[in-house]
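# Close look at the chain arrangement
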Amino acid sequence: MNPQANLIFIASMLLGTTITISSNHWIMAWTGLEINTLAILPLISKSHHPRSIEAATKYFLTQAAASALVLFSSMTNAWHTGQWDITQLTHPTSCLILTSAIAMKLGLVPFHFWFPEVLQGSPLTTGLILSTAMKLPPMTLLYMTSSSLNPTLLTILAILSAALGGWMGLNQTQIRKILAFSSISHLGWMAIILIYNPKLTLLNFYLYAVMTTTVFLTLNTTKVLKLSTLLTAWTKAPSLNTMLLLTLLSLAGLPPLTGFLPKWLIIQELTKQDMAPAATLISLLSLLSLFFYLRLAYCTTITLPPHTTNHMKQWRTNKPTSTAIAILTTVSVMLLPASPMILTIV
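Quick caveat: nothing in here was measured; it's all calculated off a predicted structure.

### Description of the overall build of the protein
When helices and strands are tallied, the protein shows 16 helices and zero strands. Here the protein has a C-alpha radius of gyration of 20 Å; the compact-globule value for 346 residues is 20 Å, and the two agree. Overall size of the protein, expressed as C-alpha extent along the three principal axes, is 65 × 50 × 35 Å. Taken across its 346 residues, the protein has 53% of its residues classed as buried. A sequence separation of at least 24 residues applies to 77% of the contacts in the protein between residues at least 6 apart. Taken as a whole, the protein presents about 15200 Å² of accessible surface, with 70% of it coming from carbon and sulfur.

Listed below in structure tokens is the structure:
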């Protein structure tokens, strides 16, 4: 793609995200979401492969439907209360419609079907943007309206997302699809705590974004797209693969890595809110996603591929690892000891 065109699309995404995050009026928030959607579409379909075109079409249709629902929800609220302010969403029907719309934008179950397909049809860098930056504006809207939303509905959506995100990722061989189901599972953890402690939702989102960015950038460096390629990727950059192993375990939420911090705080907060059964259930469901993270970690570190098929070893590169990956990997793995400081900031 032309670098100038690329720059325009990235700048448009930043503009759309900034407009949505900083707006108080529903129409401005909706405008930001629309700019975002239109800016990412050329990045999804830039390879001109039929799968990319299909992914872009699916993304456009679902995001257009979700944006229409956001507009409908805000208009219904304005009709009943006379308020266009985002924080003044008080009408129950509007709250339900908005929850559905944001769930569709984020890819929460039962509106998750588009996300794995779109991620599979996109390049790794676009997949990274879809998994992290494109989820920030909807998360901000959820954060601003959290006091008005229905706790029962959000808890059901969260538990279903954690269950299906883990369950459907078990049988995948394409890494982008595995990361899509991982994202759905993480969104479940963010949604369950949203009503009780919205700041924890944001903390979880930020840490998830850092860890996912690390994984995507590492895969992009080693040019790995499926598990069979991952088996021989260790020859290309052994140290990078070792750090990928730790980042994947961190994404799974294993102590003493960074990913354990949000899960620990969320379980603690749910227990304080007398929601111990929900905390137990979502913790058990996260074991499903732990399985496919462990499978990815095993494929990352295996040094002798099975002899049943011929595996082509990749050439080792002497190119140094980029500074961005080094910093992100360190943050993804070693942030747990700094948790008291993080909690004082949050």
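### Some thoughts on the pattern of salt bridges
Taken as a whole and judged by the stated rule, the model has three salt bridges. When the shortest N-O distance is used, the salt bridge between Glu 54 and Lys 58 registers 2.7 Å. Within this pair, Glu 54 and its partner Lys 58 are both found in helix H3 (residues 50-81), separated by four residues, close to a single helical turn. Residue classification places Glu 54 among the partly exposed residues on the basis of a relative accessible area of 40%. Beyond isolated ion pairs, a larger network of salt bridges with shared partners links Glu 54, Lys 58, Glu 117 and Lys 177.

### Details of helix H15 (residues 323-334)
Owing to its 3.6 residues per turn, the α-helix brings residues three or four apart onto one side. An ideal rise of 1.5 Å per residue puts 16 Å on 12 residues; H15 measures up with 16 Å between its terminal C-alpha atoms. Every buried residue belonging to H15 is among Ile 325, Leu 328, Thr 329, Ser 332 and Val 333, and all of these are buried. Along H15, the residues classed as buried sweep out an arc of 120 degrees about the axis, all on the same side. The exposed residues of H15 that point more than 90 degrees off its buried face are Thr 323, Ile 327 and Met 334. Along its buried surface, H15 packs onto helix H10 (198-222) and helix H12 (238-252).

### As for the nonpolar core
Within the largest apolar cluster, 90 residues are counted, with the highest numbers of intra-cluster contacts made by Ile 40, Tyr 59, Ile 192, Leu 219 and Leu 230. Among the elements that make up this core, the one with the highest residue count is helix H9 (residues 175-193) (12 residues). Residues within four places of Leu 230 in sequence aside, it is in contact with Ile 175, Leu 219, Val 224, Leu 244, Leu 296, Cys 299 and Thr 300. Residues Leu 245, Leu 257, Ala 297 and Val 333 belong to the second largest nonpolar core, which totals five residues.

### Comments concerning the packing of H10 against H12
As a packed pair, H10 and H12 sit with axes 10 Å apart at the nearest point and diverge in direction by 150 degrees. With respect to their mutual orientation, H10 and H12 come out roughly antiparallel. The two elements H10 and H12 cross, and the hand of that crossing is left-handed. On the side of H10, the interface is formed by Tyr 208, Met 211, Thr 212, Thr 214, Val 215, Thr 218, Leu 219, Thr 221 and Thr 222, while H12 contributes Leu 240, Asn 241, Leu 244, Thr 247, Leu 248, Ser 250 and Leu 251. Taken together, the residues of the contact of H10 with H12 sort by class into eight nonpolar, eight polar and no charged.

### Side note on unusual backbone geometry
Note that the residue after Val 109, namely Pro 110, is joined by a cis bond; omega there is 5 degrees. As for its placement among the helices and strands, Pro 110 is situated in the loop between helix H4 (92-106) and helix H5 (114-120). We note that His 48 has phi near 60 degrees; this positive angle belongs to a residue other than glycine. Relative to the elements of secondary structure, His 48 occurs in the loop between helix H2 (26-44) and H3. Among the residues examined, His 48 registers a relative accessible area of 67% and is labelled exposed. The phi dihedral of Asp 274 falls on the positive side, at around 60 degrees, and the residue is not glycine. Structurally, Asp 274 is set in the loop between helix H13 (260-272) and helix H14 (276-301).

### Some thoughts on empty space enclosed by the protein
Under the defined criterion, the tally for this structure stands at four cavities of 30 Å³ or more. Around the largest cavity, the lining is made up of 13 residues, and of these Tyr 59, Gln 63, Lys 105, Met 134 and Pro 138 lie nearest the centre. When contributions to the lining of the largest cavity are tallied by element, the ones reaching two or more residues are H2, H3, H5 and helix H7 (136-145). For the lining of the largest cavity, the element with the highest residue contribution is H2, accounting for three residues.

### Here we look at the environment of Thr 87
Within the secondary structure, Thr 87 is located in the loop between H3 and H4. Here the side chain of Thr 87 touches Asp 85 through a polar contact of 2.8 Å, side chain to side chain.

### Description of helix H1 (residues 3-22)
Helix length check: H1, at 20 residues, gives a terminal C-alpha distance of 28 Å against a target of 28 Å (1.5 Å per residue), a fit within 8%. Buried residues of H1: Met 13, Gly 16, Thr 17, Ile 19 and Thr 20, and no others. Buried residues along H1 cover an arc of 160 degrees about the axis, so they all sit on one side. Opposite the buried face of H1, by more than 90 degrees, sit the exposed residues Pro 3, Gln 4, Leu 7, Ile 8, Leu 14 and Ser 22. Of the surrounding elements, those touching the buried residues of H1 are H2, helix H6 (124-131) and H7. The backbone nitrogen of Gln 4 has a side-chain oxygen 3.2 Å away, supplied by the residue at the start of H1, namely Asn 2.

What counts as what
Residues numbered from 1 in each chain as written. Predicted model: local features only at pLDDT ≥ 70, side-chain atom pairs only at ≥ 80, totals over all residues. Heavy atoms only, no water. Helix = DSSP H or I, 4+ residues; strand = E, 2+ residues; numbered from the N terminus. Rg over C-alpha atoms; globule rule 2.2 N^0.38 Å. Buried < 20%, exposed > 50% of the residue type's maximum accessible area, 1.4 Å probe, protein only. Contact = heavy atoms within 4.5 Å. Areas by Shrake-Rupley, 256 points an atom, 1.4 Å probe, with all protein chains shown as cover. Salt bridge = Lys/Arg side-chain N within 4 Å of Asp/Glu carboxyl O. Expected span 1.5 Å × (residues − 1). Arc of directions from axis to C-beta. Core = buried A, V, L, I, M, F, W, Y, C linked by side-chain atoms within 4.5 Å. Axes fitted to C-alpha atoms, helices over the stretch in contact; angles between N-to-C directions. Parallel < 35°, antiparallel > 145°, perpendicular 65-115°, else oblique. Left-handed = near helix turned anticlockwise from the far one by under 90°. Nonpolar A, V, L, I, M, F, W, Y, C, P; charged D, E, K, R; others polar. 1 Å grid on protein atoms, 1.4 Å probe; cavity = no way out; pocket = protein on both sides within 12 Å on 5 of 7 lines; lining within 4 Å. Points joined across faces, edges and corners; volume = space filled by probe spheres on them. Polar contact = N/O pair within 3.5 Å; in protein donor to acceptor, adjacent residues only side chain to side chain.

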